[in-house]
Amino acid sequence: MALPPGQHYEIAMISGRCHCGKTTFRINAELPDRVTFCDCSICHKRGTLRAYYSPEQFSVCAEEDRVYRFRAGVVASHFCGVCGCATYCGSPRFLPDGTLDQGTRIIAVNARLFDDFVAHEAPVTLVAGKDRG
Ligand SMILES: [Zn+2]
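As the structure is a prediction and not an experimental result, all values here were calculated from the model.

Looking at the nonpolar core
Step number 1: Cys85, Val109 and Ala111 are the most contacted members of the largest nonpolar core, which totals 21 residues.
Step number 2: Those residues in contact with Ala111 that lie beyond four places of it in its chain are Pro32, Val35, Leu49, Arg50, Ala51, Phe117 and Ala119.

Examining the sheet that holds strand E2 (residues 23-27)
Sheet strands associate in pairs through backbone hydrogen bonding, adopting either a parallel or an antiparallel arrangement.
Step number 1: The three strands lie next to each other as E1-E2-E5, forming an open sheet whose pairing is antiparallel. Since the sheet does not close on itself, it has two edges, and those belong to strand E1 (14-17) and strand E5 (58-62), each with one partner. Between one strand axis and the next, the sheet turns by 10° as a mean value, whatever way the strands run.
Step number 2: The pairing of E2 with E5 spans five bridges and is antiparallel.

Section: the pairing of strand E8 (residues 86-94)
Step number 1: Bridge count between strand E7 (residues 75-80) and E8: four bridges; the pairing is antiparallel. If you follow Phe79 over to E8, its bridge partner there is Ala86.
Step number 2: Hairpin remark: E7 followed by E8, antiparallel, with five residues in the connecting loop; positive phi at Gly84, about 85°.
Step number 3: Across seven bridges, E8 lies against strand E9 (residues 100-110) in antiparallel orientation. The residue bridging Arg93 from the neighbouring strand is Asp101, located in E9.
Step number 4: Here E8 hands over to E9 after five residues, with Gly98 in that stretch at a positive phi of 95°.

Re the environment of Thr24
Step number 1: Examined against the element boundaries, Thr24 turns out to sit in strand E2.
Step number 2: Thr24 gets classed as partly exposed once you count the C-beta atoms within 10 Å, which come to 17.
Step number 3: Apart from the residues lying within four places of it in its own chain, the contact partners of Thr24 are Arg17 and Cys61.

Comments concerning unusual backbone geometry
Step number 1: At Asp116, a position not held by glycine, the phi torsion is positive, near 55°.
Step number 2: Structurally, Asp116 can be placed in the loop between E9 and strand E10 (124-127).
Step number 3: Accessibility expressed as a C-beta count within 10 Å gives 8 for Asp116, which makes it exposed.

Basis of the calculations
- Residues numbered from 1 in each chain as written.
- Predicted model: local features only at pLDDT ≥ 70, side-chain atom pairs only at ≥ 80, totals over all residues.
- Core = buried A, V, L, I, M, F, W, Y, C linked by C-beta atoms within 7 Å.
- Buried ≥ 20, exposed ≤ 12 C-beta atoms within 10 Å, placed from the backbone.
- Contact = placed C-beta atoms within 7 Å.
- Pairing = 2+ DSSP bridges.
- Helix = DSSP H or I, 4+ residues; strand = E, 2+ residues; numbered from the N terminus.
- Axes fitted to C-alpha atoms, helices over the stretch in contact; angles between N-to-C directions.

Here's what the structure looks like:
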């Protein structure tokens, strides 16, 4: 919905960038109260701390985007092709039993890249992804 000229919504907005700045993003949300560490095969190795958003909340400008797909291609793990920072993952939503809800997409953003946020000082929720691959 358009607002009259000079007016704007008061929207809390997260911004972030990779190390070299070739990837920048904005998230239409407030900074998270908690972050998530997943112990699946890739998160365990990358060490990312994640926060989860809907695709509608997330907008990204990635000049050197690279994608590593795993779990038979359903999880797209994006990273910067210049500096190598893990930026975000797009996938169907994981259900508690480890299956995928193909109707709902979720964006898991690397909260270590958020501006004005120290991810490793936030409370961490462990997600048991180890058994899922
Ligand atoms: Zn980069």
